[in-house]
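Each chain, letter by letter, is given below.
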Amino acid sequence: MQTYKTIIEPFRIKMVEAIQVTTAEQRESHLKKAYYNPFLLEAKDVMIDFLTDSGTSAMSSEQWAGMMRGDESYAGATSWHRMRNEINELTGFEYILPTHQGRAAERILYGYLGGKGKTFISNTHFDTTRANIEYSGAEAIDIVIPEGTQPSTEHPFKGNIDTEKLEKLILEKGKENIGAVILTVTNNSGGGQPVSMQNAKKVKEICKKYSVLFILDCCRIAENAYFIKHREKGFEKKTYREIAQEMFALTDGAIMSAKKDALVNMGGFLVLKDKILAAECKNKLIITEGYATYGGLSGRDMEAIAIGLQEVFEPAYLEYRIKSTQYLGEKLKELGVPLIWPIGGHAVYLDAKDFYPNIPVHEYPGQALVCELYLKGGIRAVEIGSVMFGKYNENKKLIPSPMELVRLAIPRRVYTQSHIEYVVEVIADLWNNREKVKGVRIIEEPLFLRHFTAKFERIM
Ligand SMILES: *Cc1c(COP(=O)(O)O)cnc(C)c1O
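Note that this is a predicted model, so its numbers are computed, not measured. (Residues numbered from 1 in each chain as written. Predicted model: local features only at pLDDT ≥ 70, side-chain atom pairs only at ≥ 80, totals over all residues. Heavy atoms only, no water.)

Peer 1: A description of the packing of helix α14 (residues 365–377) against helix α16 (residues 417–432) should follow, citing residues and the corresponding values.
Peer 2: Axis separation between α14 and α16 bottoms out at 10 Å; the angle between their running directions is 115 degrees. The interaxial crossing formed by α14 with α16 has right-handed handedness. For the pair α14 and α16, the contacting residues are L369, E372, L373, K376 and G377 in the first and Y422, V426, I427, D429 and L430 in the second. Split into classes, the residues belonging to the contact of α14 with α16 amount to six nonpolar, one polar and three charged. (Axes fitted to C-alpha atoms, helices over the stretch in contact; angles between N-to-C directions. Helix = DSSP H or I, 4+ residues; strand = E, 2+ residues; numbered from the N terminus. Left-handed = near helix turned anticlockwise from the far one by under 90°. Contact = heavy atoms within 4.5 Å. Nonpolar A, V, L, I, M, F, W, Y, C, P; charged D, E, K, R; others polar.)

Peer 1: So what about the site of the ligand? Which residues, and what values?
Peer 2: If you check the shell around the ligand, you find 15 residues, and the closest are R103, D217, R220, S257 and K260. Residue R220 places a side-chain N or O atom 2.8 Å away from an oxygen atom belonging to the ligand. Contact with the protein chains hides 98% of the accessible area of the ligand, taken as 370 Å² for the molecule alone. Elements supplying a minimum of two residues to the shell around the ligand: α4 (102–113) and α5 (127–135). Ranked by residues supplied to the shell around the ligand, first place goes to α4 with three residues. Its residues assigned to classes, the shell around the ligand comprises two nonpolar, seven polar and six charged. (Near = heavy atom within 4 Å. Polar contact = N/O pair within 3.5 Å; in protein donor to acceptor, adjacent residues only side chain to side chain. Areas by Shrake-Rupley, 256 points an atom, 1.4 Å probe, with all protein chains shown as cover.)

Peer 1: I'd love a proper account of the domain arrangement of the chain, names of residues and values included.
Peer 2: Frequently, the measure chosen for interface size is the accessible area removed from exposure when the parts meet. Domain annotation for the chain reports domain 1 (24–53 + 315–458) and domain 2 (61–311). On a C-alpha basis, the centroid separation for the pair domain 1 and domain 2 is 26 Å. Residue-level contacts link 31 residues of domain 1 with 35 residues of domain 2. Surface buried jointly by domain 1 and domain 2 totals about 2,700 Å² across both partners, of which 59% is contributed by carbon and sulfur atoms. Where domain 1 meets domain 2, there are six salt bridges. Between R321 and E223 there is a salt bridge whose closest N-O contact spans 2.8 Å. (Domains from an automatic or database assignment. Buried area = accessible area lost by both parts, 1.4 Å probe. Salt bridge = Lys/Arg side-chain N within 4 Å of Asp/Glu carboxyl O.)

Peer 1: Describe the sheet that holds strand β6 (residues 214–217), listing the residues and the values that go with them.
Peer 2: Read across the open sheet, the seven strands follow the order β2-β8-β7-β6-β5-β3-β4; overall the sheet is mixed. Edge positions in the sheet fall to β2 (95–99) and β4 (139–142), since each of these pairs with one other strand and no more. Between one strand and the next, the sheet's axes are offset by a mean angle of 20 degrees, whatever the strand orientation. Examined bridge by bridge, strand β3 (residues 119–122) and β4 share four bridges and lie parallel to one another. Following the sheet pairing, F120 is matched in β4 by A140. (Pairing = 2+ DSSP bridges.)

Peer 1: Explain unusual backbone geometry to me, and be specific about the residues and the numbers.
Peer 2: For the bond from V185 to T186, the omega torsion is -25 degrees, close enough to zero to count as cis. A cis amide bond, omega -10 degrees, links W341 with the succeeding residue P342. With respect to the element layout, P342 can be found in the loop between α12 (315–334) and β9 (347–351). One non-glycine residue, Y364, lies in positive phi territory at about 50 degrees. Structurally, the position occupied by Y364 is in the loop between α13 (352–355) and α14. With phi around 65 degrees, K396 is a residue other than glycine that occupies positive phi space.

Peer 1: Now, about the sheet that holds strand β14 (residues 405–409): what can you tell me, with residues and values included?
Peer 2: Strand order in the open sheet formed by three strands is β9-β14-β11, and the pairing between neighbours is antiparallel. Every other strand in the sheet has two partners, leaving β9 and β11 (382–384) as the edge strands with one partner each. When strand polarity is set aside, the average angle formed by the axes of neighbouring strands in this sheet is 35 degrees. Sheet analysis places β11 next to β14, joined by three bridges and oriented antiparallel. Residue pairing across strands places V382 opposite R407, the latter belonging to β14. On top of the sheet, α12 reaches β9 and β14; it is set at about 25 degrees to β9, its chief contact.

Peer 1: Quick rundown of the pattern of salt bridges? Include the residues and the values.
Peer 2: This model, assessed by the stated rule, comprises 30 salt bridges. Residue E223 pairs with R412 through a salt bridge whose shortest N-O separation is 3.1 Å. Of this pair, E223 sits in helix α8 (residues 221–231) while R412 sits in the loop between β14 and α16, and the two are 189 residues apart along the sequence. In this structure E223 comes out as buried when scored by relative accessible area, which is 0%. You can call R412 buried: its relative accessible area is 0%. Between E246 and K238 there is a salt bridge; the shortest N-O distance is 3.1 Å. (Buried < 20%, exposed > 50% of the residue type's maximum accessible area, 1.4 Å probe, protein only.)

Peer 1: Give a description of α4 that names residues and reports values.
Peer 2: One turn of an α-helix holds 3.6 residues; hence residues three or four places apart share an orientation. Between its first and last C-alpha, α4 extends 16 Å over 12 residues, near the 16 Å set by a 1.5 Å rise per residue. Here α4 has its buried residues at G102, A104, A105, E106, I108, L109, Y110 and L113. One or two residues past the end of α4 sits G115, with phi positive at roughly 105 degrees. (Expected span 1.5 Å × (residues − 1).)

Peer 1: So what's going on with the nonpolar core? Residues and values would help.
Peer 2: By size, the foremost hydrophobic cluster in this structure holds 66 residues, and its most contacted members are L216, I221 and F248. Counting residues per element, this core draws most heavily on α8, which supplies six residues. Each of two domains, domain 1 (24–53 + 315–458) and domain 2 (61–311), supplies a minimum of three residues to this core. Leave out the neighbours within four places in its chain, and F248 touches L90, T91, F93, L216, C218, I221 and A254. L339, A368, A381 and V424 belong to the second-largest nonpolar core, a separate cluster that totals 32 residues. (Core = buried A, V, L, I, M, F, W, Y, C linked by side-chain atoms within 4.5 Å.)

Peer 1: Break down helix α9 (residues 240–248) for me, with residues and values.
Peer 2: Listing the buried residues of α9 in full gives Y240, R241, I243, A244, M247 and F248. Projected down its long axis, α9 carries its buried residues within an arc of 160 degrees, all on one side. (Arc of directions from axis to C-beta.)

Right, dumping it as structure tokens:
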């Protein structure tokens, strides 16, 4: 078979959604009205929306056909069985709880396991994961391997958890005080970096030794499987799905936001091995989400999830997905733009600390960069740094996050290569004019998940 370098999008476009082209003056005014926080922008004023890959996928014609078939019966709907069977076949778990999105599953499980005195340990807790754990009164500790926090160190699995630290922490905190060990694949907040099977196996060994619960945050399990197949010895001949199944088999349960690798706009689930724990969670599900056979979902959503979970493991899709994300990263690297290397699965992460070395961390270089991306090109991205993860000490002084990143999250099956070329051009322009840019200051912020609603002003 002849192989060409160009990877074509393995789909053609059947329906289009117009993008409103804006001028620099319009964007200046929009951003000012949004208090320099792109979360507060109107979506219609954004040209390329890289805010998140969550719930922004384009569904396939098969998924849309499934939407029409959706069975909206309150209990025992056909669509529930279709989704349940699909999840059961993929994960191997018996107890399956549908939720309206990932964080509802987190609230149910970590709300039950958490509480004062409990500790959760993860490679990197995603922001909603950490928030749900801390809201319960428990603490959340991140122990990704050291390479995971070094932006440019080459490592095939920078999402791996530090297993030595894991064992030490379990002993230090006392195994009875560990709520769960949560392995996030791929490691979203740590740069979308993959986790190896070997690492997951080691985590299982440790969790088993101390009888600690091992939970997989499997939002991007298919993307993670791609990296294992192509980077880890012994997996070359396995299918992506088999690799995912092998990883699920190591764990006691999993949480999924279906808005990622199930290729839908809304949905999630919690799967568990333990009957008693599942029964406790099911009670909470029925009180706060919905009856056990729909949770927070419509029948049509469950159909789309069942189909999406199949499509996401198709080799042509996964190759396009991972390689097109890499394409953007490689182009930027060629320009000398500082970024997390190697490129992760769903996003390119710019290193704002190196992009704007003249902006101190307490003036939020990442937030300055997301503002510039919007002003210059109408591109919306998110800061993953001290705005998202920063804390204050007792003197109200910022305790910064270890990295100041800007995430360009790529929605699945949405943008074409020319959109990406445009983004490269905009960032090249920002890179060439980086000296003049100033930081921002927070003028209003909430107690939890402050990056969503905080208001900023520019430092002049
Ligand atoms: C998106 C995400 C969640 C939360 O899911 P929502 O559907 O947004 O509530 C949890 N963990 C990870 C790793 C995620 O990427």
